[in-house]
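Structural features, examined
Next come the chains, spelled out residue by residue.
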Amino acid sequence: MNKAVNDGTPGGIWSGTWVADRLGVELVGDSRLTDLLGLALRRNPKRAHLLVSNVLGKHVPQSPSVVYGHGFALGRRVRDLLGDEEAARAVVLGYAETATGLGHCVADGIALAPYLHSTRRPVPGVTPAGGFEESHSHATSHLLLPEDQALLAGDGPLVLVDDEFSTGNTVLNTIRDLHERYPRDRYVVVALVDMRSEEDAGRLSDFAGDIGARVDLVAAASGTVRLPEGVLEKGQDLVARFEVTDPGARGCVESAATAARARPAPTRPHPALDRVDLSWPRDLPDGGRHGFTPAHRIRLESALPAMAARLAEALPQDAHRVHILGFEELMYAPLRLARELEQVAQGVEVTYSTTTRSPVLAVDDPGYAIRSRIVFPAHDNPADGPGDRYAYNVAGAGFDAVIAVVDDTADTPELHAPDGLLAQLAPHTRQTVLAVIPSYTPERPSMLPEPLRGPAFSSYAPEEVGWLLQDLSDVTLEAPTEEREEAIQSGGAHYAESLPVEYQPSDQYQQLFHTALKESSARLAQAVGAVTELVLQERSPRPVLVSLARAGTPVGVLMRRWAGFRHGLELPHYAVSIVRGRGIDANALRWLAEHHDPADVVFVDGWTGKGAITRELTEAVRKFEAEGGAAGFDPEIAVLADPGSCVRTYGTREDFLIPSACLNSTVSGLISRTVLRADLVGPDDFHGAKFYRELAGADVSVDFLDAVAARFPEVVDAVDATVKELLAGDREPTWEGWAAVERISEEYGIHDVNLVKPGVGETTRVLLRRVPWKILARAGAGADLDHVRLLAEQRGVPVEEVAELPYTCVGLIHPKYTRGATGADGRAVAL
């Protein structure tokens, strides 16, 4: 057996010695084989041993220049083989997950060809252009998802790149599948090592003859693996014998020494996580999952120095050893960042590797290729379900800092969980840094229109919110309040089929609004900050805010502003329609699923009353999925105030005056409440709404936002304290508001919970839009009810003080629904 010195092992010990001595496995061939490869064992019913590359950047931390250099050199050899003319017609195809980065580097070496790699991550809306199986792998299904479906359809050479060729079956499967769809005359197979037997090499030649194509082979080294009789059983016995469960870590670590290295030191504090915003170029693919062209490569090259400088700024000043850890298929972008950091961080040793799906035995022995492993749960919601993932040779390596680079699809709660990757890295480095790259999603045609935006629709700035609605401004939809109430309560019409006449506030009422805003803006700012921080910590680090139009929309805009103020985030924000008894706009959900990951969507509302909309949304999302809609939407609403105790994500549970509840469209971007009527909204349309341009003179929508946002700097400490308290407390909904509403409904002889509207916000709506009967006010309620008292006086509605009331106030809609329930002047009359 060739045992040439491996430059990465201490004392000149080859990192395949441990396996070779115990199983009798031999590498025979080029003298460079043992420089390039070590050996390890894995629990796999098809193959016991694993060839571990020292220059691939997957299992073994290596200088990024070494990793990149090997792939680039192979690409140069391919270009020399093909010539510039044929190289310019070629397409490079890499294999997921191990060779995605290698294939990129080969394409860089060729320089003239676009690159695509297979993937195990299906992407909604992207039609596969092919697929194949990897027979010996633990995870076999490969998809080809090019953005340009013509990418594989040309007749130029196809360059297939893998880290190793062991039997050639994967290449045969790929060529067989693609040749049937896109026949061509020439293929080039590229690998770091060619380890096929003579028989397997002959099969590839025969196959090429059968399809009438030329197949060339380019490899950095070649040889074979000699396996003694019964090696599979012996290998499995070895794995079983050396695998021990470590009580101090999730999953397994092998050998007592490795267990000690991987277990957190009891007295060492875990470092805080630093997040670095790379400012990844807009619309630049994060890799070759959907195709990566020479033009993309040029854009990346120009952006790399600035991104590497941002990483360098995040490192400890005295850092000497820094490791960049990529993520499964995301190998190339982290490699290029690592190589650039290697150039700019003088005096710092930079190494690179990535996490993997592949389970491998770890043995803490210099003659074994996998010295340690970190085990953690998958954190990108994989299509094949949850499972363990691994980072090898990182634990106990003495890195001063580890920079984890993931795409935003993988920046999930699982990544940040107590047993997640970041927590598992923390004991093994002084500093953990997270860099998130936007996961590129191809543009997909949609039959649904783009969101409406201001100033054409609403008085909000276009970036503040996109309305997933259709504009019904030219349609007459308003009806007198009493007519609407009679039709609604008699069952003759749904409340969403018409609009109330837009309330025009008096000067006195407008003054009440401005006074309330001045007095409550700091409290509002604190609640906005608290609910936004909860969303960022518990729901998604880059959420897509989707407010429930229209009361939720000012809150969604404020949450977006807080995320920008506190974290520099530019969060997307949309407004959608939800209608009690009819559900959420399913077309709006479809649009969101086409443009964003449903798991990142956070529904936002202003406040909870009895929780009817909370229940409505939960049922609507369940129905949407049951009818074939995209899965993954979380129906839990994030609200500014949750006096009804209906949700877990809120800024406060106090029932206080939110000034935006005082007014209608003039504090909501001049947008009406939403409309759902069969003659106006078809099955493929968004719900409708009106833009009241004529009310621009009374509009205070932006004034409201600016007044609250101006208080952000002064409430930062209070927000942090509130969030800490909320995270530590019990936030499970008790639904006490619903119970109170049922009790009030019976006590007052109404017998319909829909006519009982609890809380300051809902009571205000009753007075502005419905036929009010009476207002119940908590005894001693102060300025929070000034506007309610004024509206009640204007409409002749009695205000009754109640000693035991869980809300500040409750509005009761008139339970007699004929127009006789009000006088000729619209004022309420007694029962």
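A few points on the structure. Residue numbers run consecutively from 1 along every chain, following the written order of its sequence. Two thresholds apply to this predicted model, a pLDDT of at least 70 for residue-level local features and 80 or more for giving and counting side-chain atom pairs, whereas whole-chain, interface and lining totals are computed over all residues. Only heavy atoms go into the side-chain values, all of them from the structure, while hydrogens and water stay out.

**Details of the overall build of the protein**
Within the protein one finds 22 helices and 35 strands. By the convention used here, residues are in contact when the closest approach between their heavy atoms is within 4.5 Å. Sequence separation of 24 or more characterises 76% of the internal contacts of the protein that already satisfy a separation of 6 or more. Counting from the N terminus, the helices are DSSP H or I runs at least four residues long and the strands are E runs at least two residues long.

**Concerning the sheet that holds strand E35 (residues 809–813)**
Think of it this way: DSSP has to see at least two bridges between two strands before they count as a pair. Strand order in the open sheet made by the four strands is E32-E35-E33-E34, with mixed pairing throughout. Both outer strands of the open sheet, strand E32 (756–758) and strand E34 (799–802), are each paired with one neighbouring strand and no more. Each neighbouring strand pair of the sheet contributes to a mean axis angle of 20 degrees, computed without reference to strand direction. With three bridges joining them, E32 and E35 adopt antiparallel strand pairing. Note on E35: the bridge partner recorded for Lys757 is Gly811. For every element, the axis is a line fit to its C-alpha atoms; helices are fit only across the contacting stretch, and the angle between N-to-C directions ranges from 0 to 180 degrees.

**What about the pattern of salt bridges?**
One speaks of a salt bridge when a side-chain nitrogen belonging to Lys or Arg is within 4 Å of a carboxyl oxygen belonging to Asp or Glu. Going through the model one piece at a time under the given rule, you end up with 36 salt bridges. Salt-bridge contacts for Glu86 lead to Arg89; the nearest nitrogen and oxygen are separated by 2.6 Å. For Arg89, a relative accessible area of 36% gives the class partly exposed. The closest approach of N and O atoms between Asp407 and Arg121, which form a salt bridge, is 3.0 Å. Placement of Asp407 in strand E18 (residues 399–407) and of Arg121 in the loop between strand E5 (115–117) and strand E6 (130–133) is noted, with a sequence separation of 286 residues between them. On the accessibility criterion, Arg121 (12% relative accessible area) is buried. Look at the salt bridges and you will find they share partners, linking Asp108, Arg297, Glu301 and Arg336 into a network. Exposure is judged per residue with a 1.4 Å probe applied to protein chains only, and the accessible area is read against the type maximum: over 50% gives exposed, under 20% gives buried, and values in between give partly exposed.

**Considering the packing of aromatic side chains**
Note on ring pairs: Phe, Tyr and Trp rings are taken, using the six-membered ring of Trp, and paired if centres are within 6.5 Å. Classes follow the plane angle, with under 30 degrees stacked, over 60 edge-to-face and the rest tilted. One pass over the full model with this rule turns up 14 aromatic pairs. Taking the centre distance of 5.7 Å and the plane angle of 35 degrees together, the rings of Phe565 and Phe712 count as tilted. Of this pair, Phe565 sits in helix H15 (residues 552–567) while Phe712 is found in the loop between helix H18 (701–709) and helix H19 (716–728), placing the two residues 147 residues apart along the sequence. What makes Phe565 partly exposed here is its relative accessible area of 37%. Accessibility expressed as a relative area gives 2% for Phe712, which makes it buried. Through a chain of ring-to-ring contacts, three or more aromatic side chains come together here, namely Phe457, Tyr460, Trp467 and Phe691. We call a charge positioned over a ring when the NZ of a Lys or the CZ of an Arg lies within 6 Å of the ring centre and within 35 degrees of the ring normal. Against the face of Trp735 rests Arg615, its NZ or CZ located 4.5 Å from the ring centre. Here the guanidinium or amino end of Lys774 rests over the ring plane of Trp773, the centre of that ring lying 4.6 Å away.

**A closer look at the sheet that holds strand E9 (residues 186–194)**
Two modes of strand pairing occur in sheets, parallel and antiparallel, and in both the strands are linked by backbone hydrogen bonds. Strand order in the open sheet formed by six strands is E1-E10-E9-E8-E4-E5, and the pairing between neighbours is mixed. Two strands lie at the open edges of the sheet, namely strand E1 (26–29) and E5, each paired on one side alone. Here the average twist between neighbouring strands, direction ignored, is 30 degrees. Sheet topology places strand E4 (residues 91–94) next to E5; three bridges connect them, and they run parallel.

**Focus on the packing of helix H4 (residues 100–110) against helix H10 (residues 332–344)**
Two elements in contact, H4 and H10, have axes separated by 8 Å at closest approach and are oriented at 65 degrees. Across the interface between the two elements, Gly101, His104, Cys105 and Asp108 from H4 touch Tyr332, Leu335 and Arg336 from H10. Residue composition of the contact of H4 with H10, by class: three nonpolar, two polar and two charged. Polar here means any residue other than Ala, Val, Leu, Ile, Met, Phe, Trp, Tyr, Cys and Pro, which are nonpolar, and Asp, Glu, Lys and Arg, which are charged; Gly is therefore polar.

**Focus: the side chain of His323**
In this fold, His323 is placed in strand E14 (residues 321–326). The class of His323 is buried, set by a relative accessible area of 0%. Two N or O atoms count as a polar contact when they lie within 3.5 Å, although within protein this holds only if one can serve as hydrogen donor and the other as acceptor, and sequence-adjacent residues are included solely when both atoms are side-chain atoms. Reaching out from His323, the side chain makes a polar contact with the side chain of Ser353 at a distance of 2.7 Å.

**Thoughts on the packing of helix H5 (residues 169–181) against helix H6 (residues 198–211)**
Between H5 and H6, the least distance of the axes is 11 Å, while the angle of their chain directions is 10 degrees. As the angle between them shows, H5 and H6 are arranged roughly parallel. Every residue of H6 that contacts H5 at Asn169, Val171, Leu172, Ile175, Arg176 and His179 is listed here: Arg203, Leu204, Phe207 and Ile211. A per-class count over the contact of H5 with H6 returns six nonpolar, two polar and two charged. Small angles under 35 degrees read as roughly parallel and large ones over 145 as roughly antiparallel, with 65 to 115 read as roughly perpendicular and the rest as oblique.

**What to know about the side chain of Arg539**
Within the secondary structure, Arg539 sits in helix H14 (residues 507–539). Here Arg539 falls in the buried class, since its relative accessible area comes to 12%. At a separation of 3.0 Å, a polar atom in the side chain of Arg539 contacts the main-chain carbonyl oxygen of Glu636.

**Some thoughts on the nonpolar core**
We call a set of buried residues a nonpolar core when its members are Ala, Val, Leu, Ile, Met, Phe, Trp, Tyr or Cys and they connect through side-chain atoms within 4.5 Å of each other. Residues Val159 and Tyr368 are the most contacted members of the largest nonpolar core, which totals 130 residues. If sequence neighbours within four positions are ignored, Val159 has contacts with Val78, Leu82, Ala90, Val91, Val92, Leu93, Ile110, Val188 and Val190. Membership of the second largest hydrophobic core comes to 104 residues, among which are Leu468, Val535, Leu589 and Val647.

**Description of the pairing of strand E28 (residues 601–607)**
Where burial is concerned, most of E28 is hidden: seven out of the seven residues are buried. Two strands pair when backbone bridges link them, and E28 and strand E29 (residues 637–641) are joined in this way by four bridges, in the parallel orientation. Directly across from Phe603, in E29, lies its bridge partner Ile637.

**Examining unusual backbone geometry**
Put simply, Gly454 and Pro455 share a cis peptide bond, and its omega is 0 degrees. Its place among the elements puts Pro455 in the loop between strand E19 (429–437) and strand E20 (466–467). Arg550 follows Ala549 through a cis peptide bond whose omega is 5 degrees. The topology assignment puts Arg550 in the loop between strand E24 (544–548) and H15. In the Ramachandran plot, Asn381 falls in the positive-phi region, its phi being about 50 degrees despite a non-glycine side chain.

**Details of helix H20 (residues 736–747)**
To estimate the expected span of a helix, count its residues, drop one, and scale the result by 1.5 Å. For H20, with twelve residues, the first-to-last C-alpha span of 16 Å sits near the 16 Å given by 1.5 Å per residue. Among the residues making up H20, those that are buried are Gly737, Trp738, Ala740, Val741, Ile744 and Ser745. The buried residues of H20 occupy an angular sector of 160 degrees when projected down its axis, which confines them to one face. In the segment just after H20, Gly749 is the residue with positive phi, at about 65 degrees. This arc is taken over the directions from the axis of the helix to the C-beta atoms.

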